[in-house]
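Structural characterization, general
Single-letter residue listing:
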Amino acid sequence: MNQQITAISALTEQALNSYPITQANEIADIMASAQQAATVWAQTGIKQRVNILSHLQAIILADFDLIIEVIMSATGKVKTEVLLGEIYFVLELLRYYQQHAANILAPRPIHTAPLAFPQASAAYERKPYGVVAIISPWNFPFQLTLSPLLTALFSGNAVVFKMSELSLPVGELIEELLAKLALPKGLVQQVIGEAETGAQLINARPDLVFFTGSVAAGRAVMASAAQHPIPVVLELGGKDAMIVFADAHLQRAVKAAMYGAFSNSGQVCVSIERCYVEAHCYAEFVGKLVEAVAEITVGHGVVGDVGSLTSLKQFSVIEAHYNDALAKGAKASSPLRLEGRFLHPVVLWDVTQDMLVMREETFGPLLPVMAFESEAHAIELANDSEFGLNASVWSRDIAKAERVAKHLQVGNWAVNDVIKNIGHVGLPFGGVKNSGFGRYHGAEGLRQFTYTVAGLTSRTPLDDEPNWFPYSETRYQEMRAFIDLRFGSGSLYQRIARNWRRLRAFQKYSSLNLRQHCRNLWIFITNNGN
């Protein structure tokens with residue numbers, strides 16, 4: 001009998017369901033059927049793929065209450081968090097790809113130089129990889145599974161996905177929703193298990209691996225994929241900085257800091273985990289923040305602002321960061337209080353850059369606040385991290401705020417807003433440094449799940465080309481003339497004049513005469529700024 005994983009409710013601690021762990025031989029069969037389905041799906045035109053996948057919007061809306069209930073139970077999120085953080089984004093992404101996928105993935109013609117490529121045309125197109133393995137985390141199991149999954153499907157791929165073992169009811173829900181679409185058999189399949197199952201999935205040799213999770217797990221995924229080798233996209237953790245200048249709208253910034261740090265109990269890869277405040281307003285900002293955090297309600301359903309911890313294992317990290325900060329001189333708005341799975345948010349101030357809470361990803365409801373002296377100091381502190389995912393800058397001076405944002409070593413930033421930039425489906429999302437590499441969302445997301453195929457078509461009736469054998473001194477001089485005409489000094493007319501005789505030999509390679517070639521070259525040079 002196969003081993004099983006029992007899913008536990010993050011709200012009630014009650015067992016929800018048991019799921020058999022997928023065995024290695026089963027994964028091999030799943031991969032084989034996915035490869036067959038991928039071939040069928042890739043041959044389905046993009047407009048037809050869009051039409052089929054677009055029906056998911058109505059399916060989600062019809063099952064709205066069920067989706068809310070399943071995600072709340074599996075994660076411990078409050079109802080509004082599920083609505084905005086899980087469902088809304090998926091619907092927006094669906095709509096974006098309905099409207100833009102066909103154009104983004106359309107073949108693109110490329111202009112060819114008339115003398116270098118006479119009677120030729122060039123273009124490139126995007127093709128799906130084949131089978132994409134998606135390994136998703138427990139903090140946003142619906143959104144962080146369906147977003148890359150849908151992107152892969154719009155791009156023409158099949159998908160085999162593996163949820164976190166803490167999120168299996170959500171994986172079951174996703175399968176049920178997608179089963180209502182007219183997809184080829186085997187196009188989307190799930191494997192169930194823990195880290196070992198993820199490694200087996202990679203060893204089954206999908207064509208692309210998309211992983212969202214911790215840095216340590218990302219390294220393991222990358223190492224496994226490298227053995228074959230398989231391309232990977234890694235969406236890893238963050239230690240996102242919020243920079244607040246004295247001229248910011250402080251009340252707005254305080255509210256943003258609370259939301260950015262404590263939404264989903266801080267279990268967000270783009271949570272604010274470091275808050276840098278200009279010294280001139282530091283005391284005032286901390287005072288307002290501590291006051292405001294005392295009003296946050298912790299609970300579930302519609303009554304709470306902050307829900308429960310999805311993984312109680314994470315509490316040991318949060319506790320270690322809290323204790324280290326206090327031991328090194330930080331002050332706290334309240335003691336660390338864990339009631340069942342519910343952890344009350346805490347503000348830490350007078351922190352220093354060497355504390356664990358400023359160096360390592362906390363992934364919980366702690367918000368450390370530190371003062372900075374100048375614009376340059378703020379940039380230095382924000383960039384002093386091994387992570388580089390998201391950041392926000394707060395100032396009424398928009399030019400200054402954008403200038404600072406553009407100096408930050410991150411993949412994404414926002415001015416006078418927090419986290420919402422990640423919800424802009426047209427913007428690519430991803431990190432730098434230990435926050436991973438690769439992008440998804442927007443046009444860049446579709447391209448990430450495809451590879452480029454470039455093609456050149458010659459229509460010449462001739463039996464040779466000027467660069468083919470046999471070589472000779474005459475041929476060498478002709479090619480020297482061509483290079484001088486294309487790249488040499490002086491005006492175009494001067495280059496034509498000094499190379500005219502040697503270039504006349506090129507006429508046989510085209511139905512156009514040399515004067516027409518030169519005219520085309522002039523158009524090409526003008527259009528390309530040379």
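Please refer to the structure higher up on the page.
This one's a predicted model, so the numbers in the text were calculated from it and none came from an experiment. Residue numbers here run from 1 along each chain, matching the order of that chain's written sequence. Local features in this predicted model are restricted to residues whose pLDDT is 70 or higher, and side-chain atom pairs enter the listing and the counts only when it is 80 or higher, whereas totals over whole chains, interfaces and linings include all residues. Note that the side-chain values use all heavy atoms of the structure and ignore hydrogens as well as water.

1. A few points about the overall build of the protein
The condition that has to hold: Numbering of helices and strands runs from the N terminus; a helix is a DSSP stretch of H or I covering at least four residues, while a strand is a stretch of E covering at least two. Residue contacts are defined here by distance: any two heavy atoms, one from each residue, within 4.5 Å place the two residues in contact. To measure how exposed things are, a 1.4 Å probe is used in the Shrake-Rupley method; for residues, cover is taken only from the protein chains shown.
A tally of helices and strands in the protein yields 18 helices and 22 strands. Based on the C-alpha atoms only, the size of the protein along its principal axes is roughly 90 × 65 × 40 Å. Long-range pairs, those at least 24 residues apart, make up 70% of the contacts in the protein with a sequence separation of at least 6. Only carbon and sulfur atoms are counted for the fraction: they give 53% of the accessible area of the protein, which is about 23,400 Å².

2. Observations concerning the packing of helix α1 (residues 24-42) against helix α7 (residues 195-203)
Selection criterion: Axes, fitted as lines to C-alpha atoms, cover a helix only where it is in contact. Angles between the N-to-C directions of the axes lie from 0 to 180 degrees. If an angle is under 35 degrees, it is roughly parallel; if it is over 145, roughly antiparallel; if it lies from 65 to 115, roughly perpendicular; otherwise it is oblique. Handedness of a crossing follows from how the near helix is turned relative to the far one, being left-handed for an anticlockwise turn of less than a right angle and right-handed for a clockwise one. Throughout this entry, Asp, Glu, Lys and Arg are counted as charged residues, while Ala, Val, Leu, Ile, Met, Phe, Trp, Tyr, Cys and Pro are counted as nonpolar. The remaining residues, Gly among them, count as polar.
Packing of α1 against α7 leaves a shortest axis separation of 10 Å and a crossing angle of 40°. If you check the angle between α1 and α7, you find them oblique. Crossing of α1 against α7: the hand is right-handed. Taken together, the residues of α7 that come into contact with α1 (itself represented by A24, I27 and M31) are T197, Q200 and L201. Class assignment for the residues of the contact of α1 with α7 results in four nonpolar, two polar and no charged.

3. A word on the environment of I52
Operational definition: For every residue, the accessible area (1.4 Å probe, protein chains only) is compared with the maximum for its type, and the residue is labelled buried under 20%, exposed over 50%, or partly exposed between those bounds.
Examined against the element boundaries, I52 turns out to sit in helix α2 (residues 46-62). A relative accessible area of 11% places I52 in the buried class. When the C-alpha atoms of I52 and R341 are compared, they prove to be 40 Å apart, with 289 residues separating the residues in sequence. Setting aside anything within four residues of it in sequence, one finds I52 in contact with W41, L181, A182 and L183.

4. Some points on the sheet that holds strand β22 (residues 450-458)
To keep it simple, the criterion reads: Note on pairing: two strands pair once DSSP finds at least 2 bridges between them.
On the basis of which strands lie adjacent, the open sheet formed by three strands has the order β3-β4-β22 and antiparallel pairing. Each edge of the sheet is formed by a strand with only one pairing partner; in this case those strands are β3 (108-110) and β22. Across the sheet, the axes of successive neighbouring strands diverge by a mean angle of 25°, strand direction being ignored.

5. Focus: the nonpolar core
Selection criterion: Take the buried residues of types Ala, Val, Leu, Ile, Met, Phe, Trp, Tyr and Cys, join any two whose side-chain atoms come within 4.5 Å, and each joined set is a nonpolar core.
Counting 122 residues, the largest nonpolar core has F142, L149, V244, F285, L289 and V369 as the members making the most contacts within it. Looking at which element gives the most residues to this core, the answer is helix α4 (residues 79-104), with 11 residues. Discounting residues that sit within four places of it in the chain, V244 has contacts with L250, A253, C275, Y276, V277, E278, F285, F372 and W394. Counting 32 residues, the second largest nonpolar core, distinct from the first, contains A241, L309, M358 and A391.

6. What about the packing of aromatic side chains?
Quick reminder of the rule: Centres within 6.5 Å are what make two rings of Phe, Tyr or Trp a pair, Trp counting through its six-membered ring; a difference in plane orientation under 30 degrees is then read as stacked, over 60 as edge-to-face, and the rest as tilted.
Applying the stated criterion to the full structure yields nine aromatic pairs. Ring centres of W138 and F363 lie 5.6 Å apart, and the angle between their planes is 80°; on these two criteria the pair is classed as edge-to-face. In this pair, W138 is assigned in the loop between β5 (131-135) and α5 (143-154) and F363 in the loop between α12 (356-359) and β16 (366-372), connecting sequence segments 225 residues apart. Per residue, the accessibility class of W138 equals that of F363, and both read buried.

7. Considerations on the pattern of salt bridges
So the rule is basically this: Should a side-chain nitrogen of Lys or Arg be within 4 Å of a carboxyl oxygen of Asp or Glu, the pair is scored as a salt bridge.
By the definition in use, this model includes 13 salt bridges. Notably, a salt bridge pairs K331 with D350, separated by 2.8 Å at the nearest N-O pair. One end of the pair, K331, is in strand β12 (residues 331-332); the other, D350, is in the loop between β15 (346-349) and α12, with 19 residues separating them in the sequence. The partly exposed category is assigned to K331, whose relative accessible area is 42%. The residue D417 makes a salt bridge to K420 at a minimum N-O spacing of 3.4 Å. Since its relative accessible area comes to 58%, K420 is described here as exposed.

8. Considerations on the environment of G287
Relative to the elements of secondary structure, G287 occurs in helix α10 (residues 282-293). Judged by relative accessible area, G287 falls into the partly exposed class, the value being 31%. On a C-alpha basis, the gap between G287 and A102 in space is 52 Å, while along the polypeptide they are 185 residues apart.

9. Description of a nonpolar patch on the surface
Keep this limit in mind: Any residue with relative accessible area above 30% and no salt bridge may belong to a patch, with like charges joined within 9 Å and the nonpolar Val, Leu, Ile, Met, Phe, Trp and Tyr side chains within 5 Å.
A contiguous nonpolar surface patch, about 290 Å² in accessible area, is contributed by L83, L84 and Y88. Secondary-structure assignment places L83 in helix α4.

10. Considerations on the sheet that holds β5
Pairing is mixed across the open sheet formed by six strands, whose spatial order is β7-β6-β5-β8-β9-β21. The open sheet terminates on both sides in strands that have one partner only, identified here as β7 (188-191) and β21 (436-437). Direction of pairing for strand β8 (residues 208-212) relative to strand β9 (residues 232-235): parallel, over a ladder of four bridges. Directly across from T212, in β9, lies its bridge partner E235. Across the face of the sheet, helix α6 (residues 168-178) comes into contact with β6 (158-162) and β7 while running at roughly 165° to β7. With respect to the sheet, helix α8 (residues 215-226) is in contact with β8, β9 and β21, its orientation differing from that of β9 by roughly 180°.

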